[in-house]
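# Structure at a glance
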Amino acid sequence: MDHPTDTGAPSLAAELSAPTVTRAYQCQCGRPVFLGNSECLACHTPLGYVIESLGVVPLAPATAPAAAAAADGAPPMDALPLYTVFGDPQGKQYHRCANFVTEAGCNWMVPAPREGDDPNFTTQGLAPGYCLSCSATRTIPDLSLPGNGELWRKLEQSKRRLMSQLLALGLPVVTRHADPVHGLAFDFLSNMPGGPHVLTGHEEGVITLNAEEAEDAVRERIRAEMREPYRTLVGHFRHEIGHYYWDLLVFPTPWVDDFRNLFGDERQDYATALRTHYEQGPPADWAVRFVTSYASSHPWEDWAETWAHYLHMADTADTAMSFGVDATRVELASDLFEPADLWQPDHPGALKFLDFLNGWVRLTNVLNELSRSMGQPDYYPFVLPRAAVGKLQFVHQVITQQREQQAPAMAPAAPEAQVDTAPAPAPEPELEVSQAQQQQQQQQPGCEPMGQQFQEQRYVPGGLGGG
């Protein structure tokens, strides 16, 4: 979307060359709609997030029921309202996620495949009746407790934003229903009386978030106590998913050698590094070497903080680009970056990445001025050091390589032998599970009761909204 100014200067959209897709969605009536919408407020057309479209689209009732049988445990297909994308009555059919009617308020659509549909249009890897995003949630807060429904809603909203970006970037999103060993799973846990404090972190594909982080006042208190400039729910998701993709895309590949040259050797003792960071603080020169102080604690955390920063940049830039925001005439508070600042200035995509990076510098100056005009803290409370630019380029190239290897707009399906559409049996819980929690497990197929993951070692929270 290019909107030249009256001076003929290029728009921010042209400057950014943002790496993913539009965030500006539109109803069939022409009105703008947004990522969380399930109905157009102007014309009342139903809306839903469709993975094949990588966005929210208007829907129309399907003209014929789906012929395929529902997966075991899912409601019968003829009991679910079916939809097609508006204007394509003979196209693929969908039904709403089962969490559409829960506190999660999910607006993602679930494939309703028919005989003759593309084999990739399937429910394999999904919990019966649930969309891809909700299928990745393994544990939800105890909904019998007041306030937990609202916390769950906020957690799922942030996760859906993350998941939509991962899909747009062409990154593999495989749940534990498809791959029980290496698949992705989210546990939303709360502190329980007499139990250890729940730490936000990642371990072997399982991302744990303390549900209290969805409470704005609690999150702000933690941010102030840890002297962080920025702490958000979506930032937690982006940071922790960075650990997951390091295990998947960097460690078992040739990228690991370049990683060690840029970020350091991750084989140094992790627990000792974190203990040193929290007891002694970051090195005095961290601000000219790392994107955040927490990134200085260990190469794994430097990677996760840089990864989260890249996702912040990409999504914000895409959104600005989608709405034609123009920042080319803003007064800069810092100099633009040059090819010499890059890790690989001669890489074929280096100049495009540099355009993206400098577009980001211009954009954040505009956003900070807008925040100041409302008396709010800076939107972007960071100064991006030149030493971090090479690390951001490394993240960009890892993602770009993966994206080029993936079919557009398709989440990769697991091999047939690995597919398990039924929820895996829960391990024996280490803490007592209440009757309400057992009922909750039945409400969310594939979820485990709270209290099962407390004894696992977790990364310690900090930095860019993550830990």
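No experiment lies behind these values; they were computed from the predicted model shown.

So, how was this worked out
Residues numbered from 1 in each chain as written. Predicted model: local features only at pLDDT ≥ 70, side-chain atom pairs only at ≥ 80, totals over all residues. Heavy atoms only, no water. Helix = DSSP H or I, 4+ residues; strand = E, 2+ residues; numbered from the N terminus. Polar contact = N/O pair within 3.5 Å; in protein donor to acceptor, adjacent residues only side chain to side chain. Pairing = 2+ DSSP bridges. Axes fitted to C-alpha atoms, helices over the stretch in contact; angles between N-to-C directions. Contact = heavy atoms within 4.5 Å. Buried < 20%, exposed > 50% of the residue type's maximum accessible area, 1.4 Å probe, protein only. pLDDT = per-residue confidence, 0-100.

Now for the environment of T139. In this fold, T139 is placed in strand β8 (residues 137-139). Polar side-chain contacts of T139 include one of 2.7 Å to the side chain of D187.

A few words on the sheet that holds strand β10 (residues 201-203). Spatial strand order, β8-β9-β11-β10: 4 strands in an open sheet with mixed pairing. With one partner strand each, in any of the chains shown, β8 and β10 form the two edges of the open sheet. Shown here is a sheet whose adjacent strand axes are inclined to one another by a mean of 30 degrees, direction ignored. Relative to strand β9 (residues 185-189), β8 runs parallel, the two sharing 2 bridges. Its bridge partner lying in β9, T137 is registered against F186. Its contacts with the sheet put helix α3 (residues 148-168) on β8, β9 and β11 (206-210), and the angle it makes with β9 is roughly 155 degrees.

Here the focus is unusual backbone geometry. With a phi angle near 50 degrees, L54 is a residue other than glycine that sits in the positive phi range. Residue L54 is classed as buried on the basis of its relative accessible area, which comes to 14%. Of note, E204 is a non-glycine position whose phi angle comes to about 50 degrees, a positive value. Inspection of the secondary structure assignment puts E204 in the loop between β10 and β11. For E204, a relative accessible area of 61% puts it in the exposed group.

Let's shift gears to the confidence of the model for the protein chain. Regions with low pLDDT should not have their predicted coordinates read in detail. With 81% of its residues at a pLDDT of 70 or more, the protein chain has an overall mean of 83. In this model, residues 1-8 is a region of pLDDT below 50 whose contacts with residues beyond four sequence positions or in other chains number 16 contacts. Of the regions scoring below 50 in pLDDT, residues 407-467 engages in 177 contacts with residues more than four places distant in sequence or in other chains.

Attention now moves to the pairing of strand β3 (residues 47-50). Burial along β3 is two-sided: L47 and Y49 facing one way and G48 and V50 facing the other are all buried. Two elements, β3 and strand β4 (residues 55-61), share 4 bridges in a ladder whose sense is antiparallel. Bridge pairing links G48 to V57 in β4.

All right, on to the environment of A273 then. Mapping A273 onto the fold places it in helix α7 (residues 270-280). Looking at A273, the relative accessible area reads 11%, which means it is buried. A sequence separation of 24 residues divides A273 from S297, and the C-alpha atoms of the two residues are 6.0 Å apart.

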